[in-house]
Amino acid sequence: MSRADSQQLSQLFSQHGPRVYRRALRLLGNPADAEEATQEIFIRAMRGAEGFRQQSQLTTWLYQIATHYCLNLIRDRARRAELYAENLAPTDDGLERTEPMRPDDLVLLRRLLADADERQASAAVYVFLDGMSHEEAAAVLGVSKRTVGNLIERFQAWAGARTSLDAEPPKPPERKASGFFGFGRRRS
């Protein structure tokens, strides 16, 4: 890495590092993992800088990189069961959680995101975790508002079936299904 690249990376990190870290922490749930992910996200951003078309804000582009990287990390974790057990235990530190969702719902959502269709998982993150409207999520994903609604509906139907008492987890549905699984709030 040249000195100029190093300076650009340093400047990019100082301007946007805390936001990207909070994003990674929210998705990964572990400060150490979030720190590591933040470093990797900025390295990837520098490598892919020519891919930034300036059609959106730099923050939006970095959030997309962070979301995809963290979702891939969640999917690739070999210790999902251990993570699930760790996050279900009540916190002894007495600190208030920053997530608006209940901790066990957030852990469940992370588990579901690890197995969900990638497009559905991205839409779910933007709508349920970030609280974006369907229109805002559509702009970030580069799809129509209706497509976001369809992705959310399919994710909710699949997640609802996945968390039911059935012994064998179902495959993602082909058709649109109705219903709201209960993560976050639905905004149009």
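Residues numbered from 1 in each chain as written. Predicted model: local features only at pLDDT ≥ 70, side-chain atom pairs only at ≥ 80, totals over all residues. Heavy atoms only, no water.

The next subject is helix α2 (residues 31–47). Every α-helix winds through 3.6 residues per turn, so residues three or four apart in the chain are directed the same way. If you check α2, its first and last C-alpha atoms are 24 Å apart, about what 17 residues at 1.5 Å a residue would give, namely 24 Å. Considered for burial, the residues of α2 that qualify are A34, A37, T38, I41, F42, A45 and M46. Where α2 begins, the capping side chain belongs to N30, and its oxygen is found 2.9 Å from the backbone nitrogen of A32. (Helix = DSSP H or I, 4+ residues; strand = E, 2+ residues; numbered from the N terminus. Expected span 1.5 Å × (residues − 1). Buried < 20%, exposed > 50% of the residue type's maximum accessible area, 1.4 Å probe, protein only. Polar contact = N/O pair within 3.5 Å; in protein donor to acceptor, adjacent residues only side chain to side chain.)

Take the confidence of the model for the protein chain next. A residue-level look at the protein chain finds 68% of positions with pLDDT of 70 or above and a mean pLDDT of 75. Residue range residues 87–99 is modelled with pLDDT below 50. Its contacts to residues more than four positions away, or to other chains, number eight contacts. Per-residue pLDDT stays below 50 along residues 175–186; that stretch engages in 27 contacts with residues further than four places along the chain or on separate chains. (pLDDT = per-residue confidence, 0-100. Contact = heavy atoms within 4.5 Å.)

Scanning all chains against the criterion turns up three aromatic pairs. Relative to F42, the ring of F13 lies with its centre 5.1 Å away and its plane at 70 degrees, an arrangement referred to as edge-to-face. Of this pair, F13 sits in helix α1 (residues 3–28) while F42 sits in helix α2, placing them 29 residues apart in sequence. Among the residues examined, F42 registers a relative accessible area of 2% and is labelled buried. (Phe/Tyr/Trp six-rings, centres within 6.5 Å; stacked < 30°, edge-to-face > 60°.)

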